[in-house]
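Chain and residue survey
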Amino acid sequence: MAEEEKASMAEEESNEAIQPELPIGRVKKIMKLDNDINKVNSEALFLVTCSTELFLQFLAEKSSEITAERKRKIVKLEHIRIAVKKHQPTSDFLLDSLPMPSSQPSDRPATDQKRSGSVSEKPVPAGTRRIDHFFHKSANEAPILIDNDES
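Predicted model only: the values in this text are computed from it and were never measured.

Between helix H2 (residues 24-32) and helix H3 (residues 42-69), the shortest axis-to-axis distance is 10 Å and the interhelical angle comes to 100°. With respect to H3, the element H2 is oriented roughly perpendicular. Listed contacts from H3 to Ile24, Val27, Lys28 and Met31 of H2 are Leu45, Val48 and Thr49. Looking at the contact of H2 with H3, its residues break down into 5 nonpolar, 1 polar and 1 charged.

This is the structure:
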């Protein structure tokens, strides 16, 4: 009888709809920030939202493990960077986007710092690059021509 109960509970769990915790509307707005995307299919939106949740969960777990290994209680940027470096597929695309940890800790809270200027005007920490430039071609960049003629 215990096997029947387990089977019925498994069926109930599989019949329940998976509801992501991230707000789907916000994910859609972020996806539409890309000029190449005009419409977003609901299934694609659902998959991107669930994938994002899984990725963030993975990153948080690995960062937490690094924090525990170092006998710390608070996950810091350096712990995230180490977790990303240890996982090669994540390191390939994310490491360049993470800011370098500062050698001098700031004594002031973030709310006291100046908030003038937009994000693009703020200086980038040494050793990092903004992801924006990957998606835009400069005006003086010539298109690449491919010559298929073999003469």
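In total, this model carries 2 salt bridges according to the counting rule given. With its nearest N and O atoms 3.9 Å apart, the salt bridge here joins Glu65 to Lys62. In this pair, Glu65 and Lys62 both sit in helix H3, 3 residues apart, roughly one turn of the helix. Take Lys62: its relative accessible area is 33%, and that puts it in the partly exposed class. When the shortest N-O distance is used, the salt bridge between Lys86 and Glu69 registers 3.7 Å. Of this pair, Lys86 sits in helix H4 (residues 77-86) while Glu69 sits in helix H3, placing them 17 residues apart in sequence. As far as burial versus exposure is concerned, Lys86 and Glu69 are alike and both exposed.

This next bit is on the environment of Asp92. Tracing the chain through its elements places Asp92 in helix H5 (residues 88-94). Accessibility expressed as a relative area gives 54% for Asp92, which makes it exposed. For Asp92, the side chain forms a polar contact with the side chain of Gln88, separated by 2.6 Å.

Position of Ser63 among the secondary structure elements: in helix H3. Relative accessible area serves as the criterion here: at 3%, Ser63 is assigned to the buried category. If near-sequence neighbours (up to four positions away) are discounted, Ser63 is found in contact with Val75, His79, Ile80 and Ala83.

Here the focus is the environment of Glu21. Mapped onto the secondary structure, Glu21 falls in the loop between helix H1 (2-15) and H2. Given the relative accessible area of 77%, Glu21 is considered exposed. Put simply, Glu21 and Cys50 are 29 residues apart on the chain and 8.5 Å apart in space, counted from C-alpha to C-alpha.

In this section: the packing of aromatic side chains. If you walk through the whole model with that rule in mind, you get 1 aromatic pair. Aromatic side chains Phe55 and Phe93 sit 5.9 Å apart centroid to centroid with 45° between the ring planes, which places their arrangement in the tilted category. Within this pair, whereas Phe55 is found in helix H3, its partner Phe93 is found in helix H5, the two being separated by 38 residues in sequence.

Thresholds, definitions, all that
- In every chain, residue numbers begin from 1 and rise along the written sequence.
- Thresholds applied to this predicted model are a pLDDT of at least 70 for local features of residues and 80 or more for the giving and counting of side-chain atom pairs; totals over whole chains, interfaces and linings are not thresholded and use all residues.
- Excluding hydrogens and water, the side-chain values take into account all heavy atoms of the structure.
- Convention adopted: a line fitted to C-alpha atoms gives each axis, helices being fitted over their contacting stretch, and angles between N-to-C directions are expressed from 0 to 180 degrees.
- Under the DSSP-based scheme used, a helix requires at least four consecutive residues in state H or I and a strand at least two consecutive residues in state E, with every element numbered from the N terminus.
- Note on angle classes: values under 35 degrees are labelled roughly parallel, values over 145 roughly antiparallel, values of 65 to 115 roughly perpendicular, and the remainder oblique.
- Contact definition: two residues touch when any of their heavy atoms are within 4.5 Å.
- When residues are sorted by character, Ala, Val, Leu, Ile, Met, Phe, Trp, Tyr, Cys and Pro go into the nonpolar class, Asp, Glu, Lys and Arg into the charged class, and all the rest, Gly among them, into the polar class.
- Counted as salt bridges are all cases of a side-chain nitrogen of Lys or Arg within 4 Å of a carboxyl oxygen of Asp or Glu.
- Each residue's exposure class comes from its accessible area (1.4 Å probe, protein chains only) as a fraction of the maximum for that residue type: buried when under 20%, exposed when over 50%, partly exposed otherwise.
- Think of a polar contact as two N or O atoms within 3.5 Å of one another; within protein, one of them needs to be a possible hydrogen donor and the other a possible acceptor, and neighboring residues in sequence only count if both atoms come from side chains.
- Pairing of aromatic side chains here covers Phe, Tyr and the six-membered ring of Trp, requires ring centres within 6.5 Å, and sorts the geometry by plane angle: under 30 degrees stacked, over 60 edge-to-face, intermediate tilted.

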